[in-house]
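Residue-level structure breakdown
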Amino acid sequence: MSVFLLAGLVSVPSTSAATPTMKVHFINVGQGDATYIKMPGGEDVLIDGGRQGQGDEVIAYLKKQKVDDIEIMIATHPDADHLGGLDEVLKAYKVESVYAPKVAHTTDAYANFLKAVKAEKLTIKTAKVGVKLPLKTVTAKFVGPTREYGKTDLNNWSAVLHVTYNKNKFLFTGDAEKASEADMVKAKQTLLADVIKVGHHGAKTSSNVDFLKVVKPKYAVISVGKNSYGHPTAEVLNRYKPYKAAVYRTDQKGNIIFTSTGTKITVATVK
């Protein structure tokens, strides 16, 4: 009898712990880019911060997600609709590392970004091909830019980040255009991705056919707002059709949140 009592008191361990998730938030900042990633290892990563003056919006969103500090901040390139709000984020949050491509700009937005980085006593780490981010659980590395471009060719300088979480893959392209896309393909970079952040808000100069042949996306996210450029172009939207990619636009869906278990991806949208 005592044997059965003892057996009844032994706790049986759970067969499997809950799988940590990776959450990718494409924040609706209108005609601009801001992406927040909660890595499965717990780190907080911010890629771009919208236009100048939008830092407060980005900060409010991060606070809703209970972000207490930012391990890695990435400014994909110096355009104001990408790094314009990052100076405010730097003032509001402790940021451990800042990455950006080695190209400068003459705008106030870029100058404010540099001042904010300096005020936090940080040194910008160069975002370029082959650089890996020090993150647990995932493999995150820059696959672009693969070379230097002209000083006026800022879009092709874009830091392009590829993240692999088990079987799920994400590609964040900034505003990379045809030259950069072709160079990444030629350099045989890891570009295959379940989810792609569509380059340059859906401009026809990005998402070129030969590039998408390698990426083979299942989901495409376009961060876009009211604009006079015609973004996203019908031409680009048509380029995603052969892949039967589900296209999500921030101007239509608001904030777009992908949750990955490493083997399964789900999507939610919040206006």
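The structure this text deals with has already been given above.
What comes next concerns the included structure. These numbers were taken from a predicted model, which means no experiment stands behind them.

Turning our eyes to something else, we now look at the pairing of strand 11 (residues 219–222). Here strand 11 shows no split at all, with Y219 and V221 on one side and A220 and I222 on the other all buried. Taken together, strand 10 (residues 195–197), helix 7 (residues 209–215) and strand 11 constitute a β-α-β crossover, and its handedness is right-handed. Alignment of strand 11 against strand 12 (residues 246–249), held across four bridges, turns out to be parallel. Each bridged residue has a counterpart across the sheet, and for Y219 the counterpart in strand 12 is A246. With helix 8 (residues 234–239) bridging strand 11 and its parallel neighbour strand 12, the resulting β-α-β unit is right-handed.

Sheets are built from strands that pair by backbone hydrogen bonding, the pairs being arranged parallel or antiparallel. The strand order across the open sheet formed by six strands is 7-8-9-10-11-12, and the pairing between neighbours is mixed. Two strands bound the open sheet, and with one partner strand each, they are strand 7 (139–144) and strand 12. Averaged over neighbouring strand pairs, the angle between their axes works out to 15° when direction is ignored. Judged from the five bridges that link them, strand 8 (residues 160–165) and strand 9 (residues 168–172) form a sheet pairing that is antiparallel. In the sheet register, Y165 faces strand 9, and the bridge partner there is N168.

Rules and cut-offs
Residues numbered from 1 in each chain as written. Predicted model: local features only at pLDDT ≥ 70, side-chain atom pairs only at ≥ 80, totals over all residues. Heavy atoms only, no water. Buried < 20%, exposed > 50% of the residue type's maximum accessible area, 1.4 Å probe, protein only. Helix = DSSP H or I, 4+ residues; strand = E, 2+ residues; numbered from the N terminus. Right-handed = clockwise from strand over helix to strand, strands pointing away. Pairing = 2+ DSSP bridges. Axes fitted to C-alpha atoms, helices over the stretch in contact; angles between N-to-C directions.

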